[in-house]
Amino acid sequence: MSQQAVKFAYWVPNVSGGLVVSKIAQRTHWGIDYNRKLAQIAEAAGFEYALTQIRFTAGYGAEYQHESVAFSHALLAATSKLKVIAAILPGPWQPALAAKQLATIDQLTEGRIAVNIVSGWFKGEFQAIGEHWLEHDERYRRSEEFIRCLRGVWSQEHFTFKGDFYRFDNYSLKPKPLGRPEIFQGGSSRAARDMAARVSDWYFTNGNSVEGIKAQVDDIRAKAATNQHQVKIGVNAFVIARDTEQEAQAVLQQIIDQADPEAVRAFGDAARQAGQASPEGEGNWAKSSFEDLVQYNDGFKTNLIGTPQQIAQRIVELKAVGVDLVLAGFLHFQEEVEYFGRRVLPLVRELEAQAGQDAAA
C-alpha cells in the first residue's frame, strides 16, 4: 500500500442530468451558482480535485452543458486550494490554444489548473460539429502528440515538433505555467493504457471491482516501468453514503428503477459501437449491464454504496491495490459531498493510519 494518502476528486455537474441516466429527482444543478457553492463545500470537505466534463452534443438526458475550460476557471476563482481538471478534446482543440489557455489560468490561480485529455469515443458528436473522425488507435496517437506538445510548449523556450497531427516551429510561449500542470487521461483499451504508460501523469479508469482495478493497475505500472515513467491511478465511483446499508441500497434501487430506458440504450449502443472499433473489439463498457450503464462511467461497479464505515473500508482496499485517487459522483452533490467529508473521509484517514502502523510493526 502507498504511504501517500488517497486523494479525492468529484465530478463537476456542469452538465444537466447529473451523472445518472435516470429520471429520479436530484437536488443538483448544472448552473454556475450551484457549482460555485459546491466547489467551496468540496474544498472545505477535504477534496483535492474537481473534474469538469466536456460534451459538445446535448443528449442522453443531459441537454444543457457548459464548456469545460471556462467553467473550470470560474470554479477556481471561487476557491483557494481546490485544483480543477479541465477536460479537453483533441480535434476541436488545438494544442497551441490549449497550452495558452491553461498557462494563463495557471498564472491567474497560482498553479491550480490541470487537464484531462479526452480522446473521444462518440462518433456522432464529431460528425455533428464537422470534426474529422479518426479510427480508435489513431485518436490515442493524436492525444499522445497533443500531450507531448503541451509539455514541450510549457517547458521549452523554443519548441519544435513535427508529428503526424501537430507541427510547431521554434514556438515560444510566455508566460508559461508557474509549474507543470498535471495531465490526466482515461480509457480502458490497450491503446489508452499504453499511452498512459508513456506520457500521462494520471490514468482514470471506469468503475470496477477491486480485482478488476488491480489487473489494470498492475498492467499499466508494469508498462510504465519499462518506459522509465510513473503514472498514478484514479478510479470512478458513484458514492451513495447513508447512515444504514439499507438506506443506501434503497437509493441505488430507486435510481435504477427510474432509469430512462431509451437514453440508457442509446448510450449503450453508441458505447458498444465505439468499443467494437478498437483492435480488441471491446471498449470501456463492453461488460456493462443495463444497470451499470445508468451511471455513465460504471460507477456502481466500484461499490462505494453503504455506510460510511463500509465505504471507507472499500476505499482503503482500493488503495491497497494501487489506487491513488477516487473520482466520486453523487446524486445530491452539495449535501452528499459535505456528508462524505464529515463522515467518510475521517474514517479513511483513520484506516490509512492504522494500515501504516501495521506495516511498520
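Thresholds applied
Residues numbered from 1 in each chain as written. Predicted model: local features only at pLDDT ≥ 70, side-chain atom pairs only at ≥ 80, totals over all residues. Heavy atoms only, no water. UniProt positions renumbered as here; feature names shortened; annotations may be inferred. Helix = DSSP H or I, 4+ residues; strand = E, 2+ residues; numbered from the N terminus. Rg over C-alpha atoms; globule rule 2.2 N^0.38 Å. Buried < 20%, exposed > 50% of the residue type's maximum accessible area, 1.4 Å probe, protein only. Contact = heavy atoms within 4.5 Å. Lys, Arg positive; Asp, Glu negative; His and termini not counted. Charge placed at Lys NZ, Arg CZ, Asp CG, Glu CD. Core = buried A, V, L, I, M, F, W, Y, C linked by side-chain atoms within 4.5 Å. Phe/Tyr/Trp six-rings, centres within 6.5 Å; stacked < 30°, edge-to-face > 60°. Axes fitted to C-alpha atoms, helices over the stretch in contact; angles between N-to-C directions. Parallel < 35°, antiparallel > 145°, perpendicular 65-115°, else oblique. Left-handed = near helix turned anticlockwise from the far one by under 90°. Expected span 1.5 Å × (residues − 1). Arc of directions from axis to C-beta.

The chain is annotated in an unreviewed UniProt entry as Dimethyl sulfone monooxygenase SfnG of Pseudomonas sessilinigenes. Under Sequence similarities (unreviewed entry), UniProt gives the following word-for-word description of the chain: "Belongs to the SsuD family."

Asks: Can you walk me through the overall build of the chain in this structure?
Replies: Along its length, the chain carries 12 helices and 12 strands. In terms of C-alpha radius of gyration, the chain reaches 20 Å, essentially the compact-globule figure of 21 Å for 361 residues. In terms of overall dimensions, the chain has C-alpha extents of about 60 × 55 × 40 Å along its principal axes. For the chain, with 361 residues in total, the buried portion stands at 57%. Restricting to contacts in the chain with at least 6 residues of sequence separation, those with at least 24 account for 75%. Within the chain, the 43 negative side-chain charges are centred at a point lying 4 Å from the centre of the 38 positive side-chain charges.

Asks: Sorry if this is basic, but what is going on with the nonpolar core here?
Replies: Across soluble globular proteins, nonpolar side chains show a tendency to be buried alongside one another. Counting residues in each nonpolar core, the largest one holds 115 residues, and the members touching the most others are Tyr10, Phe47, Ile255, Ile315 and Phe340. When sequence neighbours within four positions are dropped, the list of residues in contact with Ile255 reads Val20, Ser22, Ile24, Phe238, Ile240, Val294, Phe300 and Leu331.

Asks: Explanation requested: the packing of aromatic side chains in the structure shown.
Replies: Two aromatic rings are characterised by how far apart their centres lie and by the angle between their planes. If you walk through the whole model with that rule in mind, you get 19 aromatic pairs. Considering the side-chain rings of Tyr49 and Trp202, the 6.1 Å spacing of their centres and the 70 degrees angle between planes classify their relative orientation as edge-to-face. Placement of the pair is Tyr49 in strand β2 (residues 49–51) and Trp202 in strand β8 (residues 202–205), with a sequence separation of 153 residues. Exposure class is identical for Tyr49 and Trp202. Each is buried. Through pairs of rings, three or more aromatic residues link up here, namely Phe8, Tyr10, Phe47, Phe330, Phe333 and Phe340.

Asks: Could you clarify how one ought to interpret the packing of helix α6 (residues 190–199) against helix α7 (residues 210–226) in this entry?
Replies: The angle between the axes and the distance between the axes are what describe a pair of packed helices. Between α6 and α7, the least distance of the axes is 8 Å, while the angle of their chain directions is 45 degrees. Between α6 and α7, the angle falls in the class oblique. Pair α6 / α7 crosses with right-handed handedness. Counted together, Arg190, Arg193, Asp194 and Ala197 of α6 and Asp219, Ile220, Lys223 and Ala224 of α7 form the full contact between these two elements.

Asks: Which parts of the structure should I look at to understand unusual backbone geometry?
Replies: As a rule of thumb, non-glycine residues mostly have phi less than zero, and peptide bonds are mostly trans rather than cis. Between Lys174 and the following residue, Pro175, the backbone shows a cis peptide bond with an omega angle of 0 degrees. With a phi close to 55 degrees, Asn170 is a non-glycine residue in the positive phi region. Residue position: Asn170 is located in strand β6 (residues 167–171). What makes Asn170 partly exposed here is its relative accessible area of 48%. Of note in this structure, Asp298 is not a glycine but carries a positive phi near 55 degrees.

Asks: What exactly am I supposed to notice about helix α3 (residues 95–108) here?
Replies: Residue pairs three or four apart in sequence face the same way in an α-helix, which turns once every 3.6 residues. When the terminal C-alpha atoms of α3 are compared, their 20 Å separation across 14 residues agrees well with the 20 Å that a helix rising 1.5 Å per residue should span. Along α3, the residues that are buried comprise Pro95, Ala98, Ala99, Leu102, Ala103, Ile105 and Asp106. What you see down the axis of α3 is that its buried residues fit within an arc of 165 degrees, all on one side. The inward-facing, buried residues of α3 contact α2 (68–77), β3 (83–88), β4 (113–117), α5 (136–155) and β6. Directly beyond the C-terminal end of α3, a positive phi value near 55 degrees is found at Glu110.

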